[in-house]
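# Chains, contacts and geometry: an overview
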Amino acid sequence: DAKTTQPTSMDCAEGRAANLPCNHSTISGNEYVYWYRQIHSQGPQYIIHGLKNNETNEMASLIITEDRKSSTLILPHATLRDTAVYYCIVSLTSYNFNKFYFGSGTKLNVKP
Amino acid sequence: AAGVIQSPRHLIKEKRETATLKCYPIPRHDTVYWYQQGPGQDPQFLISFYEKMQSDKGSIPDRFSAQQFSDYHSELNMSSLELGDSALYFCASRGPAGNEKLFFGSGTQLSVL
């Protein structure tokens, strides 16, 4: 499985964009990049995922480099409620292949 | 919309006792994952099931066992509990198509005294 590297922590001012980087240099061609976040001790919450193309949904945007060795999660207008640990996960899941491992995420502190 | 249901929410046990955690996946989801998260730690993958068969195994102690039943709910059985088993246990489920997102439950907080 591809491993991911994320900064331990980041700060962001409320209302500004939060850009969270992730390195996954050993990603294979059919592995997806997923982003989840965990607020305090709640269950991890899905944010976004993608394979090659950039993705956007109501929560965030995912930018994947052309060589797929890194990606950036963008929260366009961070609020205090976005303070959480953000996990970048690289995984291939299919009907009979179910590896989905968390690494060490980034603690995002959104400050007023 | 229906979510992943875990029970109980909180469980207190003594050392050497047994515990059973239950997970009810989202309807029509056929894959279940179990994770253990100690205080201040990242979630650690324990085991996963697809269509009632074990599909992947992580750092699950031999004292733990799990299964997925015909209605797709899953149970994690933990025996000879140790103090170090105190943790949050999360269950997640995933739908039948490939590379779908996982949906997580709210977790079971297990305290071993």
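Our subject is the structure listed above.
Note that this is a predicted model, so its numbers are computed, not measured.

With that settled, the discussion passes to the overall build of chain B. On a plain count of helices and strands, chain B comes out with 0 helices and 11 strands. Of all 113 residues assigned to chain B, the portion counted as buried reaches 48%. Sequence-distant contacts, at least 24 apart, represent 52% of the contacts inside chain B between residues at least 6 apart. Taken as a whole, chain B presents about 5300 Å² of accessible surface, with 49% of it coming from carbon and sulfur. Of the side-chain charges in chain B, 11 are positive and 12 negative, and the distance between the mean point of each set is 3 Å.

We now examine the overall build of chain A. Broken down by element type, chain A carries 0 helices and 11 strands. Along chain A, from the amino end to the carboxyl end, the secondary structure elements read β-β-β-β-β-β-β-β-β-β-β. For 112 residues, the compact-globule formula gives about 13 Å, and the C-alpha radius of gyration of chain A, at 13 Å, lands near that figure. Projecting the C-alpha coordinates of chain A onto the three principal axes gives extents of approximately 45 × 30 × 25 Å. Looking at chain A as a whole, 44% of its 112 residues are labelled buried. The long-range share in chain A, meaning contacts at least 24 apart out of those at least 6 apart in sequence, stands at 56%.

Contacts between chain A and chain B engage 26 residues on the former and 24 residues on the latter. A combined buried area of about 1900 Å² lies between chain A and chain B, and 51% of that area is made up of carbon and sulfur atoms. For the interface between chain A and chain B, the tally reads 0 salt bridges. Looking at the side of chain A that touches chain B, the elements that each hand over two or more residues are β3 (32-38), β4 (45-50), β8 (84-91), β9 (93-94) and β10 (97-98) of chain A. A per-element tally of the side of chain A that touches chain B places β3 of chain A first, with 4 residues. Here the residues of the side of chain A that touches chain B are counted per class, giving 12 nonpolar, 13 polar and 1 charged.

The nonpolar side chains of soluble globular proteins are, as a tendency, buried together. Of all hydrophobic cores here, the largest spans 22 residues; its most connected members are Trp-34, Leu-76, Met-78, Tyr-89 and Leu-110 of chain B. Those residues in contact with Tyr-89 of chain B, other than ones at most four positions away along the chain, are Gln-6, Leu-21, Tyr-35, Gln-36, Leu-46, Phe-64, Leu-76, Met-78, Gly-107, Thr-108 and Leu-110 of chain B. The next biggest cluster of nonpolar side chains, apart from the first, holds 21 residues, and it includes Ile-47, Ile-48, Ile-64 and Tyr-86 of chain A.

Residue and element names in this part refer to chain B. Spatially, 4 strands are ordered β1-β3-β8-β7 in an open sheet, and the strand pairing comes out antiparallel. Looking at the sheet topology across the chains shown, the edges are occupied by β1 (5-7) and β7 (64-68). Looking at each pair of strands side by side, their axes are set apart by 15° on average, direction ignored. Relative to strand β3 (residues 19-24), β1 runs antiparallel, the two sharing 3 bridges. Residue Ser-7 lies in a different strand from β3, and its bridge partner there is Lys-22.

Evaluated as defined, the whole model comprises 2 disulfides over all chains. The disulfide that involves Cys-22 of chain A links it to Cys-88 of chain A, with 2.1 Å between the sulfurs. Residues Cys-22 of chain A and Cys-88 of chain A are joined through a disulfide that is left-handed, its torsion about the S-S bond being -80°. With Cys-22 of chain A in strand β2 (residues 18-23) and Cys-88 of chain A in strand β8, this pair connects stretches of sequence that are 66 residues apart. Just as Cys-22 of chain A is buried, Cys-88 of chain A falls in that class too. With its sulfur 1.7 Å from that of its partner, Cys-23 of chain B forms a disulfide with Cys-91 of chain B. The sign of the S-S torsion, about -50°, decides the handedness of the disulfide formed by Cys-23 of chain B and Cys-91 of chain B: left-handed. One end of the pair, Cys-23 of chain B, is in strand β3; the other, Cys-91 of chain B, is in strand β9 (residues 87-94), with 68 residues separating them in the sequence. In terms of burial, Cys-23 of chain B and Cys-91 of chain B fall into one category: buried. Free of any disulfide, Cys-12 of chain A has its nearest cysteine sulfur in Cys-22 of chain A, 18 Å distant.

What counts, and where the lines are drawn
Residues numbered from 1 in each chain as written. Chains lettered and ligands numbered in written order. Predicted model: local features only at pLDDT ≥ 70, side-chain atom pairs only at ≥ 80, totals over all residues. Heavy atoms only, no water. Helix = DSSP H or I, 4+ residues; strand = E, 2+ residues; numbered from the N terminus. Buried < 20%, exposed > 50% of the residue type's maximum accessible area, 1.4 Å probe, protein only. Contact = heavy atoms within 4.5 Å. Areas by Shrake-Rupley, 256 points an atom, 1.4 Å probe, with all protein chains shown as cover. Lys, Arg positive; Asp, Glu negative; His and termini not counted. Charge placed at Lys NZ, Arg CZ, Asp CG, Glu CD. Rg over C-alpha atoms; globule rule 2.2 N^0.38 Å. Buried area = accessible area lost by both parts, 1.4 Å probe. Salt bridge = Lys/Arg side-chain N within 4 Å of Asp/Glu carboxyl O. Nonpolar A, V, L, I, M, F, W, Y, C, P; charged D, E, K, R; others polar. Core = buried A, V, L, I, M, F, W, Y, C linked by side-chain atoms within 4.5 Å. Pairing = 2+ DSSP bridges. Axes fitted to C-alpha atoms, helices over the stretch in contact; angles between N-to-C directions. Disulfide = S-S within 2.5 Å.

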